[in-house]
Each structure stands twice: as structure tokens, then as C-alpha cells.
Amino acid sequence: MKKSAGVLLSGLALLALTQAQAQPGRFETMSMEQKVAAGESYHGRQAVPVEPFRVVGNIYFVGTTNIGIYLIATPEGHILVDSGVNEMSSTIRDSVEKLGFRMSDIKIMLSSHAHFDHVQAHAVLQRMTGAQVMALEADADALETGRDLSPLGFEGWEPVQVDRRLQDGESINLGGTSMTPTLVPGHTPGCTTWSTDTEDSGETMNVVIFGCNGPNDGVQIVNNPRFPTLPEDSLFGFDNLAKLNPDIYLTGHPEAPFEGIMEQLRVQVRPHPLLQQQPWHELVAERRASIEARIAAERAQ
Ligand SMILES: [Zn+2]
């Protein structure tokens, strides 16, 4: 990254902090240094372009080193899940075009959750594509106000109109592909796990795109003045996730899950390399247990 860009990004991170400090209680317990470091990392190292590739079936990776952006291609137009930080919009456009698709064929934009590292470029990409923005009702206000309304309360984004507000389990359909949102509140009020069936090497695979691990580290879960029902909501989210039964799951931060298998993914080794992931129900149980432990520890104080 060029030096000038680094200075600009620090400035943006500081601007976000200044805005947040005007809203007492928004930033919970992260230190100033942690917030600056997290913001810079998402705008910098984690947002470095990578070559796009087909992940499985009609699902393509058009994101960066550690921000997962997924294109689901159909004969009647495409669906984009997440948009990343602002600086990524041209990367996403280049990746979509390198794969042989057209931005103007993206008809629907979805999101995994209303945090800046996943939806900040929504407004820019909406203008580039003319797509309809759809989101679970519980995250739609955040998208439309441009403010992080989650327990974390981090950087914001340019407001984007939500054309269709969805309810938990209300599928959307395009060109023979159906995508179903599962509501997983906690990380954000409307954190969404998307699931879809896709045909891959003659098999039907159920794939989920998953980015909801409960409230961020440092967030007060019990008696959070802004989110009084955060403990129950978070546990409900994990129970909702446990109802899913994917063959493969993809995440919003793919660096760790793709580590060591990137080449296999690119050359499309089968059986699919992601079938070796930690089993879904074990993962969900483990993450639920970690949030339960945080709740218990807070209650014991
Ligand atoms: Zn997040």
C-alpha cells in the first residue's frame, strides 16, 4: 500500500473514532489503540485484492485477502453477498469482470450483517449495478441510516436504500437459485446466515455463508443498556444456526478457512476441499458455548 493511502486510512479511522466518541457507550470496552488497529487492518491488509475464483457450484469468490464477498451467478442475473469497505468497490468490479460476468447483471445485493467491513461499499456498488438491496428487517435500519447500530458501534457507511425487507426464513429467488436468510441476532441485530443449494460436479450441495459469531469480544452482553435482550437474542441465534445442515460453509473472513487450500480451491479439486472443515454442528455448539461462558462470567461478577 502506498504511503499516502496509509495516512488517509488512518485519518478515516480517526474520523470514525471522533464520531463515535460523540455517542457515549457506543464503543464499549475496546481501547483507542485497538479500534485504530482494527479499522486500519480492515481497510489495509485484509482488503488486498486476490484473484477471483469459483468456490463451489454457481458461487464465486470476488473478495479480498480477508473479506469474503460472494457472487452467486444465475442465468437471469446474479446475486452479490456483501460489499466490503469503500476502497474495495473497484476490486469487486474487476473480479466480477475477470470471471466473465457483468456488473449490470447483478440484480440483487444481500449482506451478511451491517458492519462496515461487510456493507460499507453497498451504496457505491448499488449505483454501479442498479441492483435491488435486500436485507433482514433487523439490519435494514442500519443500512439505511449508514450507522453501525450493533452492540459494537464501529465505523459507519454511506446510507443505502433497502428495497426489500425480509423476515427470518423468507427466501429470495432468482434464475432458479433460492437463497434463504437465517436470523442470527447478537453480532448485529439482523446478522444473517444465507443458505442455498448449488449443483457441483453432479451433486447438490447445501452451502451457507456465515458471519455471525455472537457479540464481538469486548462487548458487554449482560445488562447492555442499549441491548437489554442481548443474552437471549445471541443464544436464539445459535439455536437458529443449529437448524441448518450445510455440506459446506463459507465465511465473511476467509483467510483462516482458506489457508493451505487456496490452490486446491482454484483448480477445483474434488471431493471439495471445504468438506474437510470442522463439522457445522460442532462449530455452532463451540461458538454457542463460548458466548454462554461469557454470559456466565459477566453474571458472576
Ligand atoms: Zn462483524
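For the structure itself, look to the data block above.
Since we're looking at a predicted model, the values are computed, not measured. One numbering rule holds for all chains: residues counted from 1, following each sequence as written. Given that the model is predicted, a residue must reach a pLDDT of at least 70 before its local features are reported, and side-chain atom pairs must reach 80 or more before they are shown or counted; all residues, however, enter totals for whole chains, interfaces and linings.

**Student:** I'd like a description of the overall build of the protein chain, backed by residues and values.
**Tutor:** Only DSSP runs of H or I covering at least 4 residues are called helices, and only runs of E covering at least 2 are called strands; the numbering of each starts at the N terminus. Assigned secondary structure in the protein chain consists of ten helices and twelve strands. Throughout, a residue-residue contact means that the two C-beta atoms, derived from backbone geometry, are no farther apart than 7 Å. Across the protein chain, contacts joining residues at least 24 apart in sequence account for 68% of those joining residues at least 6 apart.

**Student:** Go over the sheet that holds strand β7 (residues 164–166) with me, naming the residues and quoting the values.
**Tutor:** Strand order in the open sheet made by the seven strands is β1-β2-β3-β4-β5-β6-β7, with mixed pairing throughout. Among the strands making up the open sheet, the edge pair consists of β1 (53–56) and β7. Strand-to-strand, the axes of this sheet are offset by a mean angle of 30°, without reference to chain direction. We treat two strands as partners when DSSP finds at least two bridges between them. Inspection of the sheet shows strand β5 (residues 106–110) paired to strand β6 (residues 132–136) by two bridges, in the parallel sense. Each bridged residue has a counterpart across the sheet, and for Met109 the counterpart in β6 is Val133. With axes taken as lines fitted to C-alpha atoms, and helix axes fitted only over the stretch in contact, angles between N-to-C directions fall between 0 and 180 degrees. Packing of helix α5 (residues 122–129) onto the sheet brings it into contact with β4 (77–81), β5 and β6, and relative to β5 it is tilted by some 165°.

**Student:** Report on helix α6 (residues 137–145), specifying residues and quantitative values.
**Tutor:** Every buried residue of α6 is accounted for by Ala138, Asp139, Ala140, Ala142 and Leu143. Structurally, α6 contributes buried residues whose contacts are with α4 (116–119), α5, β6, β7, β9 (177–183) and β10 (192–200). With its phi angle positive at about 75°, Gly146 sits one or two positions after the end of α6. Any residue with 12 or fewer other C-beta atoms within 10 Å of its own C-beta is exposed, any with 20 or more is buried, and the rest are partly exposed; the C-beta atoms used are placed from the backbone.

**Student:** I'd like a description of the sheet that holds strand β8 (residues 172–174), backed by residues and values.
**Tutor:** Spatial ordering of the open sheet is given by β8-β9-β10-β11-β12, a layout of five strands whose pairing is mixed. The open sheet is flanked by β8 and β12 (248–251), the only strands paired with a single partner. In this sheet, adjacent strand axes meet at a mean angle of 25° when their direction is disregarded. In terms of strand pairing, β8 meets β9 through three bridges, oriented antiparallel. Looking at the pairing, Ile172 lines up with Met179 of β9.

**Student:** Could you give an account of the packing of helix α7 (residues 230–241) against helix α10 (residues 280–300), naming the residues involved and the relevant values?
**Tutor:** Running from amino to carboxyl end, α7 crosses α10 at an angle of 170°, the nearest separation of the two axes being 10 Å. For the element pair α7 / α10, the angle class is roughly antiparallel. Taking contact as the criterion, the partners of Pro231, Ser234, Leu235, Phe238 and Leu241 in α7 are, on α10, Val284, Arg287, Arg288, Ile291 and Ile295. Under the grouping applied here, Gly and all other residues not named as nonpolar or charged are polar, the nonpolar ones being Ala, Val, Leu, Ile, Met, Phe, Trp, Tyr, Cys and Pro and the charged ones Asp, Glu, Lys and Arg. Taken together, the residues of the contact of α7 with α10 sort by class into seven nonpolar, one polar and two charged. Note on angle classes: values under 35 degrees are labelled roughly parallel, values over 145 roughly antiparallel, values of 65 to 115 roughly perpendicular, and the remainder oblique.

**Student:** Give me the lowdown on α5, citing residues and values where you can.
**Tutor:** Restricting attention to buried positions, one finds in α5 the residues His122, Ala123, Leu125, Gln126 and Thr129. All buried residues of α5 project into a common sector of 165° when viewed along the axis, lining one side. If you follow the buried residues of α5, they end up packed against β4, α3 (89–98), β5, α4, β6 and α6. By definition, the arc is the one covered by directions from the helix axis to the C-beta atoms.

**Student:** Any chance you could break down the packing of α3 against α5 for me, citing the residues and the numbers?
**Tutor:** Relative orientation of the contacting elements α3 and α5 amounts to 40°, with a least axis distance of 10 Å. Judged by the angle between their axes, α3 and α5 are oblique. As α3 runs across α5, the sense of the crossing is right-handed. Residues Ser89, Ile92 and Arg93 of α3 form the contact with α5, whose own contacting residues are Val124, Leu125 and Met128. For the contact of α3 with α5, the per-class residue count stands at four nonpolar, one polar and one charged. Two helices that cross are described as forming a left-handed crossing if the nearer one is turned anticlockwise from the farther one by less than a right angle, and a right-handed crossing if clockwise.

**Student:** Outline the pairing of β1, supporting the account with residue identities and numerical values.
**Tutor:** When β1 meets strand β2 (residues 59–61), the two strands line up antiparallel, connected through three bridges. Opposite Arg54, over in β2, you have Tyr60 as the bridge partner. Joining the antiparallel neighbours β1 and β2 is a turn of two residues, in which Gly57 adopts a positive phi near 55°.

**Student:** So what's going on with the environment of Leu166? Residues and values would help.
**Tutor:** As for its position among the elements, Leu166 is in strand β7. For Leu166, a count of 23 C-beta atoms within 10 Å gives the class buried. For the pair Leu166 and Met134, spaced 32 residues apart in sequence, the C-alpha separation works out to 7.0 Å. When residues no more than four places from it in sequence are discounted, the contact partners of Leu166 are Met134, Ala135, Leu136, Glu137 and Pro181.

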